[in-house]
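This is what each chain is made of:
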Amino acid sequence: MAKFELQNLYFPLGFTFMKILFAIDGSNCSKIAIAQALDLKCPYGTELKVVSVLDFFEPLPAVEEIKEREIAAARALVDETVEKLKNTHKEAVVTGEVLDGYVVDEILHVSQEWGADLIIMGSHGRTGMAEFWMGSVSRSVLLHARSAVRIVRDKSGDDQPSGGNVLLAVDDSEHCDHLIEHVIAMPWTAKTTFRLVHVVPSINPDMLLDSDTGYANTLSQYCDAKVAGAEIWVRELVGKLNAIYGDNVAESRIVIGDAREEILKQANEWPADLVMLGSHGRRGFERLLMGSVSEAVATHAKCSVEVTRMPARRKPKLHVVK
């Protein structure tokens, strides 16, 4: 694939520049998200929008002064962030806006109206039952956004040094194809390295019981065939990324087990600074029964996580003949 180099960045010819939305609130995790945004190398044509949402109840006269102070503080935060991004990304178009309303609704609305390709926001670190019962802004945006969502976490307390390690959780589906296209559209620095991880699902040996040969040999053959098949298409993806970004930038791992557990394990052991995976968009009862790999990884990973989504397909309208 043809490519060109610009300021230690590599871009395939023909790709489209991105529109990235930053949702900030002045918290520590929000500051970390902005710090990572400043490290991005955005070329000419990239659009960045910074938003901060104020969620006011019906104002009373006694709290009107507090409301005005909150608005002024939010505007100052947005203006300061916009200025930092403009100074760092001189060739990008950077804008900012303060919104009033329910935080999740406003972020989802502006991202859809503006046509964001990616939403970047901090995680407030809720885990366990608190995450399940209380929910969070980042979790709600992750579940309902139509674009890719990156949840940023702080790794400054880890013993491992932070770098540009990006783990791509891949499978043999159209969702993975969209993930790779999204990765290629992103502007990565030259220090970025990719590790593609594919998990072959483990199965109950009794499901492969063969009265003639016994299940042990049959299970081994099944796993070997799955791994061998995966090695072919995963190798092609690795070759595609290396052809664009340079030799030895991408590598792969194929493991057997539960996808959620193995992705988290691989991310911790490498260690990854960012995990990217595609959402298969399961909803309702199906999601309750099968769970969501992307949500589980986003909830429990120690590093930042980005979940991509395929654009919704609209069914063609039927022409009714009267």
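As shown above, the structure is provided for reference.
Residues numbered from 1 in each chain as written. Predicted model: local features only at pLDDT ≥ 70, side-chain atom pairs only at ≥ 80, totals over all residues. Heavy atoms only, no water.

Q: Before we go on, may I ask you to explain the packing of aromatic side chains in this structure?
A: Here the distance between the centres and the angle between the planes together describe a pair of aromatic rings. Applying the stated rule across the entire model yields one aromatic pair. Measuring from ring centre to ring centre gives 5.6 Å for F194 and Y245, while their planes differ by 35°; the resulting arrangement is tilted. A residue pair is termed long-range when its members are at least 10 positions apart, and F194 in strand β9 (residues 193–201) and Y245 in helix α7 (residues 215–245) qualify at 51 residues. On the accessibility criterion, F194 (1% relative accessible area) is buried. (Phe/Tyr/Trp six-rings, centres within 6.5 Å; stacked < 30°, edge-to-face > 60°. Helix = DSSP H or I, 4+ residues; strand = E, 2+ residues; numbered from the N terminus. Buried < 20%, exposed > 50% of the residue type's maximum accessible area, 1.4 Å probe, protein only.)

Q: Hey, could you run me through the environment of S202 in this one?
A: Topologically, S202 is positioned in the loop between β9 and α7. Sequence separation between S202 and C223 is 21 residues, and the spatial gap between their C-alpha atoms is 8.3 Å. Apart from the residues lying within four places of it in its own chain, the contact partners of S202 are I256, G257 and D258. (Contact = heavy atoms within 4.5 Å.)

Q: I tried to follow the pattern of salt bridges on my own but got confused; where do I start?
A: Opposite charge on two side chains permits them to pair, given that their charged atoms come into close proximity. The tally for this structure, following the rule as stated, stands at seven salt bridges. With a shortest N-O distance of 3.7 Å, R260 and D258 are connected by a salt bridge. Using a relative accessible area of 28% as the deciding quantity, one classes D258 as partly exposed. Three or more residues joined by partner-sharing salt bridges are found here, namely R195, E251 and R253. (Salt bridge = Lys/Arg side-chain N within 4 Å of Asp/Glu carboxyl O.)

Q: Whenever I open this one, the pairing of strand β4 (residues 47–54) confuses me. Can you help?
A: For a regular strand, the rule is simple: side chains alternate between the two faces of the sheet. Within β4, seven of the eight residues are buried, which leaves it mostly tucked inside the rest of the structure. You can see the chain leave strand β3 (residues 19–23), run along helix α1 (residues 28–39) and come back into β4, and the turn it takes is right-handed. Sheet analysis places β4 next to strand β5 (residues 93–100), joined by eight bridges and oriented parallel. Bridging across to β5, V51 finds its partner in E97. (Right-handed = clockwise from strand over helix to strand, strands pointing away. Pairing = 2+ DSSP bridges.)

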